[in-house]
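Examination of the molecular architecture
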Amino acid sequence: MVVDTIRTLKLVSSWVGNRIIQRRRPIIAVFSLTYYCNFYCPMCPFGDPDKSGQIRFAKQNDLTTDQWKLIFEKVSEHCVWSIIEGGEPTSRPDFMELVRYLYGLKMPITLISNCSLLHTIDIQELRKYIQFITCSIDSVYEESYCKVRGVDKATFHRVVKNLKMLKETNFPHYFNSVITKYNTEEFIDQSYFEKAIELGSDAVSLTFVEDRADVNYSLLPDRDTINRVCESILQYSKRNNKPRIMIPDLYFEQILRDGHVTFDECGV
Ligand code: SF4
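Keep in mind it's a predicted model, so treat the numbers as computed, not measured.

A look at the environment of Glu97
By the secondary structure assignment, Glu97 is in helix H4 (residues 95–104). Take Glu97: its relative accessible area is 35%, and that puts it in the partly exposed class. In this view, Glu97 contacts Thr65 and Lys69; residues no more than four positions away in its chain are not counted. Here Lys69 takes part through its side chain, which lies 2.8 Å from a polar atom of the side chain of Glu97.

Some words on the packing of helix H6 (residues 142–149) against helix H7 (residues 153–168)
It is at 9 Å that the axes of H6 and H7 come closest, and there the two elements cross at 110 degrees. Between H6 and H7, the crossing angle belongs to the class labelled roughly perpendicular. Residue-level inspection shows Glu142, Tyr145 and Cys146 of H6 in contact with H7, the latter providing Lys153, Phe156, His157 and Val159. By residue class, the composition of the contact of H6 with H7 is 4 nonpolar, 1 polar and 2 charged.

Quick notes on the packing of helix H3 (residues 65–76) against H4
When two helices pack together, their arrangement is captured by the angle between the axes and the distance separating the axes. Close contact between H3 and H4 brings their axes to 10 Å; oriented N to C, the two are set at 20 degrees. One finds that H3 runs roughly parallel with respect to H4. Considering only the axes of H3 and H4, their crossing is right-handed. Across the interface between the two elements, Thr65, Trp68, Lys69, Phe72 and Glu73 from H3 touch Glu97, Leu98, Tyr101 and Leu102 from H4. Each residue belonging to the contact of H3 with H4 can be placed in one class, and the counts come to 5 nonpolar, 1 polar and 3 charged.

Section: a nonpolar patch on the surface
On the surface, a nonpolar cluster with roughly 360 Å² of combined accessible area is contributed by Val12, Val16, Ile20 and Ile21. Note that Val12 resides in helix H1 (residues 2–20).

Some remarks on the site of the ligand
Taken together, Cys37, Phe39, Cys41, Cys44, Phe46, Gly47, Gly87, Asn114 and Arg149 make up all the residues around the ligand. Here the residues of the shell around the ligand sort into 5 nonpolar, 3 polar and 1 charged.

Quick look at the environment of Glu143
Mapping Glu143 onto the fold places it in helix H6. Accessibility expressed as a relative area gives 60% for Glu143, which makes it exposed. Each C-alpha atom of the pair Glu143 and Asn183 lies 9.3 Å from the other, and the pair is 40 residues apart in sequence.

Points about H3
Working note: α-helix, 3.6 residues per turn, so residues spaced by three or four point in the same direction. Between its first and last C-alpha, H3 extends 16 Å over 12 residues, near the 16 Å set by a 1.5 Å rise per residue. Turning to H3, its buried residues number three or more, namely Thr65, Trp68, Lys69, Phe72 and Ser76. One side of H3 holds all its buried residues, which, seen down the axis, span an arc of 100 degrees. Turned more than 90 degrees from where H3 packs its buried face, Asp66 and Lys74 sit exposed.

Criteria and thresholds
Residues numbered from 1 in each chain as written. Predicted model: local features only at pLDDT ≥ 70, side-chain atom pairs only at ≥ 80, totals over all residues. Heavy atoms only, no water. Helix = DSSP H or I, 4+ residues; strand = E, 2+ residues; numbered from the N terminus. Buried < 20%, exposed > 50% of the residue type's maximum accessible area, 1.4 Å probe, protein only. Contact = heavy atoms within 4.5 Å. Polar contact = N/O pair within 3.5 Å; in protein donor to acceptor, adjacent residues only side chain to side chain. Axes fitted to C-alpha atoms, helices over the stretch in contact; angles between N-to-C directions. Parallel < 35°, antiparallel > 145°, perpendicular 65-115°, else oblique. Nonpolar A, V, L, I, M, F, W, Y, C, P; charged D, E, K, R; others polar. Left-handed = near helix turned anticlockwise from the far one by under 90°. Patch = residues over 30% accessible without salt bridge, like charges linked within 9 Å, V, L, I, M, F, W, Y side chains within 5 Å. Areas by Shrake-Rupley, 256 points an atom, 1.4 Å probe, with all protein chains shown as cover. Salt bridge = Lys/Arg side-chain N within 4 Å of Asp/Glu carboxyl O. Near = heavy atom within 4 Å. Expected span 1.5 Å × (residues − 1). Arc of directions from axis to C-beta.

Take a look at the structure:
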């Protein structure tokens, strides 16, 4: 732990030094381990319905285990934190090997996952390497969840089971939801928050969907519903500190006032 702190301090001071001489350097590394995802979310390019085509593409284009290891080594000399995402990173057969390797380089790790495959992994071992998991849970209700993520009921229940496993093993995790026209009700009636607490999440991150330029449909709710969602989230965040809402109030205030935000907000 002491060694980790020294490493972090060294890297942060080198980053500050670079900023002073106006050299921009990253401080957080995001590793997108694979193009493949087992879900079908319509707001995401990885939700591609042609799964066999996606698997073929991932096989041809995903970096190999050794290539990732080399990248981890180089990046760990400069960055203080790492985020592992995909596609769905846990779908890689070498997922644990890569996480172990990154941990060996003393990189703190955040995992972003749809949590549908966590039961295929040794969760106790993973707990040793990962600081926390960002769970992509757009809805806490079966019907909306399946609609937003394009999956069947069994998958929803598998995910809920895996979230319970995270809670039981005290694995730090929080929920991330993309608000679309399919899941607004649970934010308006605030039941999403109750369920998040029940499933062990102390914090939630919420952002409205951004429409994709490459498709001809919109998943954004209508204006009136957007306003009701924003008002309800703001009201909840002012009265409650659990789960903590990680997106600043300003995000929802600006949407209410101007219809959009004037800053980049990353849900993760
Ligand atoms: S689970 Fe995440 S990566 Fe997979 S399709 Fe949905 S949004 Fe994209």
